[in-house]
Structures are given as structure tokens and as C-alpha cells.
Amino acid sequence: MKYNIALIHGDGIGPEVVNEAVNVLDTVAKKFGHEFCYTPLLAGGCAIDAKGECLPQETIDACKKADAVLLGAVGGWKWDTLPGDKRPERALLGLRKELGLFANIRPALLFDALAEACPLKPEIVEGGLDIVVVRELTGGIYFGERGTKETPMGLAAYDVEQYAEEEVRRIAVTAFDMAMKRNKKVTSVDKANVLDSSRLWRRVVTEVAKDYPEVTLEHLYIDNAAMQLVRNPKQFDVIVTGNIFGDILSDEASMITGSIGMLPSASLAAGNFGMYEPVHGSAPDIAGQDKANPLATILSAAMMLRYTFGLSKEADAIENAVKAVLAKGYRTPDIYTEGTTLVGTKEAGRLVCAEI
Ligand code: NAD
């Protein structure tokens, strides 16, 4: 099969980690008989330098034509003094909006070989940890009505949390579909004891659950969920929640797994289209030094194969190769501990290719 991938290398370590993910994809293509065609595109600081804007229209158009997008990271010190709406990171919001990416998927997987990087007590995470946070990405308080008004108490500012039934339904379906491919449990997180928007959220998620009799649905309030995630994270399989709660919970879940250099993510639109990127930023402090951990981007490429192209065997091959490289004791500087073997970005990528 032939697949078209839009490649946004971006800034800082973005190009280094994306290059390794491409090497891994090419290795998979050779082994399994696929063809991956890449279209390199500009977004972020490099696009500001070359085109005067962080998200040129031609990048948007080419992404829409591709089957999926693989992105490194954007931003860096050079552009830090630009006003908010001109900064490289704006490209990410623009891409989400233009591509209709309404579901953010963040796995929090604790690799056996990296168990000591977990900040929780060993007995809490014994036997591993494998959670997916499904966050609604284009609705809720970040996109609701906002403003500032005069009041007797001085200026007051407000941001409205609002969810429509259809917005909740499509993210719930994404979460239940995902649970069907995993351990068949969905935890929906809201604040239904206080918020009307959460009560509607809970009703719609409960309705969607009726179409998935094999999946166990549980509801938790956000405050309890934040607590349970560090008290007993193994109880979770798929967590589904709105934009602002998901923003916070997905960071908390990632922290449990140790290094930021290991965390992939996917943002999905209707019809399996998706944008795949590591959770980390452009790490300007280590850019160009062959120190960046490419595994988050390589694992993002594996998610692309699984969720957009439906190639689970191929995705498994990448994930198993990453596990094998870690089990053999190879570590980039961010996850290095005494007694393991220090490798650079390129060597880490080469080792994954060799395992595949
Ligand atoms: P960051 O994730 O870039 O870096 C935080 C720390 O983690 C740094 O010490 C960095 O060296 C380290 N780190 C990050 N990724 C790593 C990797 N793959 N391997 C090894 N170490 C890694 O976050 P930041 O420093 O807050 O932001 C730097 C720039 O990236 C800023 O301009 C920010 O706006 C941007 N940013 C972009 C994205 C994105 O493109 N999705 C996300 C977050 C931040």
C-alpha cells in the first residue's frame, strides 16, 4: 500500500527527531512491503523566517491532501519576543482548527526498563502501566465565549465552558472505539456535581456506552480522578474528558511515565485522519547536539500506522523494537542512568531500525 505523509520538521530538535522517525518508517516499509511518500512542509519559526508567517496556506493545503501529518516541534528562543499571535506555537492551534482535529490521544505507557524513572512508589506501578487519555480538543472553555466587563467589584473576566451533545458524542465514540481495542474500560471525567456542561457530558457519554455493551463505563469527578491517577493508576484503561480537564490530566498521566522524550501523541479528525507528534517541545537547549531522544517521535509514527493507516502489525513492530532497545540498556542522555549505554539521537534511531 502507498501512503502520503505530510512532514513538518519544525524547529529546534524537531528535524533531528523527525529524521529518525522517517528512517524507522522506511525500515517498516521495506520489511512489510509498503510505500511511504513524504511531503516536507514548513510551520513554526522556520516558516516565519522563510515565509513571514508561522502557518503558510500551502502547508495547510498540503496537510489536507495528505493521509496523515507527522510533526516534530515548533518554537525557540529566536522567536520568543514576538507577540502572542505571531509566535511559532500559533501554528499548532491553526493546524488543529484547519484540520478539524477534535480528539487528542495521549498514551501514558511505563516501559519496564524505565520503571525507575517513575516518580511513584514501585509497588504502585508494579507490573507496568498503560493508560490512554482521550481529550476533547476543539471545544469547551478554551473556545467558549470570553470577555471582560465592569462590575461593582472592579473589572471581571469570564470564559464560558460549553459543550454541545454532538461534540461530546464524537469524542465518546473515539474513546469507546479505543477501549474496544484495549482493555474495554472507559473512565469519563467531569465535574457533574457542580457544572451543567458536565451533566450533559455525563448523559451523552452514558448514552454512547449503550452501543458498547462489552465496555465498562465509570464516571469520576475531576478532583477524584487527579487523585486516583497517583494513588492507583493501574485502575485506568481509557480516560475520556473535556478540553481543560484533559489538558491537566494528560500532563499528570505523562509525568508518571518519567521522561518527556518518550511520550507520543495523536490528534484525530473524523475519518481516521490524524496529526502525530511527540508531547515535548523543540528543546532549544539541546538542539543540533545529537542529544535529543527520538523515541517519542518514533512512537508517534507507530500511532500513525495504527490509528490512521490501520497497520497494527507494523505499529507493534516499532513498539516492540523500542522496548527491545531499552531492554538492551541503550539510553539517550535524558533517560541515562549509571550502568546503561549512552547513545545519541542518530544511534538511538539506528538501533530501533536494526531491531525491526
Ligand atoms: P521542551 O519540551 O522543549 O523542553 C523541556 C525540557 O525537556 C528541556 O530541558 C529539554 O531539553 C527536554 N527535552 C524535551 N524533549 C526532549 C527530547 N526529545 N529528548 C531529550 N530531552 C528533551 O519544553 P520548553 O523548554 O518549555 O519549550 C521549548 C520550546 O518548545 C518553546 O518555544 C515552546 O513554546 C515550544 N513547545 C512546542 C511544543 C510543540 O511543538 N508541540 C510543545 C511544547 C513546547
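Predicted model only: the values in this text are computed from it and were never measured.

Examining empty space enclosed by the protein
If a probe the size of a water molecule is rolled over the atoms, the empty space left behind becomes visible. The tally for this structure, following the rule as stated, stands at two cavities of 30 Å³ or more. Approximately 70 Å³ is the volume found for the largest cavity. Surrounding the largest cavity, E161, Y163, V189, D190, S197, S198, W201, T241, G242, I244 and F245 form its lining. For the lining of the largest cavity, the elements supplying multiple residues, two or more each, are strand 8 (185–190), helix 7 (196–209) and helix 9 (243–256). It is helix 7 that contributes the most residues to the lining of the largest cavity, three residues altogether. Counted by class, the lining of the largest cavity contains five nonpolar, four polar and two charged residues. Taken together, L295, V325, L326, Y330, R331, T332, I335, V343 and A348 make up the lining of the second largest cavity. Among the secondary structure elements, those contributing two or more residues to the lining of the second largest cavity are helix 11 (312–327) and strand 13 (330–331). By residue class, the composition of the lining of the second largest cavity is seven nonpolar, one polar and one charged.

Describing the pattern of salt bridges
Going through the model one piece at a time under the given rule, you end up with 21 salt bridges. Between R182 and D237 there is a salt bridge, with the nearest N and O atoms lying 2.8 Å from each other. With R182 in the loop between helix 6 (165–180) and strand 8 and D237 in the loop between helix 8 (222–231) and strand 10 (238–241), this residue pair connects regions lying 55 residues apart in the sequence. The class for D237 is buried, based on a relative accessible area of 3%. Two residues, E319 and R306, come together in a salt bridge whose shortest N-O distance is 2.7 Å. Within this pair, whereas E319 is found in helix 11, its partner R306 is found in helix 10 (residues 295–308), the two being separated by 13 residues in sequence. E319 gets classed as partly exposed once you look at its relative accessible area, which sits at 23%. The class for R306 is partly exposed, based on a relative accessible area of 22%. A cluster of three or more residues bridged by salt bridges with shared partners is formed by E165, E166, R169, R203 and E207.

Criteria and cut-off values
Per chain, residues are indexed from 1 in the order of the written sequence. In keeping with the predicted nature of the model, local features appear solely for residues at pLDDT of at least 70, side-chain atom pairs appear and are counted solely at 80 or more, and the whole-chain, interface and lining totals rest on all residues. The side-chain figures draw on all heavy atoms in the structure; neither hydrogens nor water molecules are used. Definitions used for this entry: grid spacing 1 Å over protein atoms alone; cavity, a set of points where a 1.4 Å probe fits but cannot get out; pocket, an open set with protein on both sides within 12 Å along at least 5 of 7 lines; lining residue, one with an atom within 4 Å of a point. Grid points are joined across faces, edges and corners, and a volume is the space filled by probe spheres set on the points. Note on conventions: DSSP H or I runs of at least 4 residues are helices, E runs of at least 2 residues are strands, and numbering of each starts at the N terminus. For this classification, Asp, Glu, Lys and Arg are treated as charged, while Ala, Val, Leu, Ile, Met, Phe, Trp, Tyr, Cys and Pro are nonpolar and the rest, including Gly, are polar. Definition used for salt bridges: Asp or Glu carboxyl oxygen within 4 Å of a side-chain nitrogen of Lys or Arg. Note on classification: 1.4 Å probe, protein chains only; a residue is buried when its accessible area is under 20% of the maximum for its type, exposed when over 50%, partly exposed between these limits.

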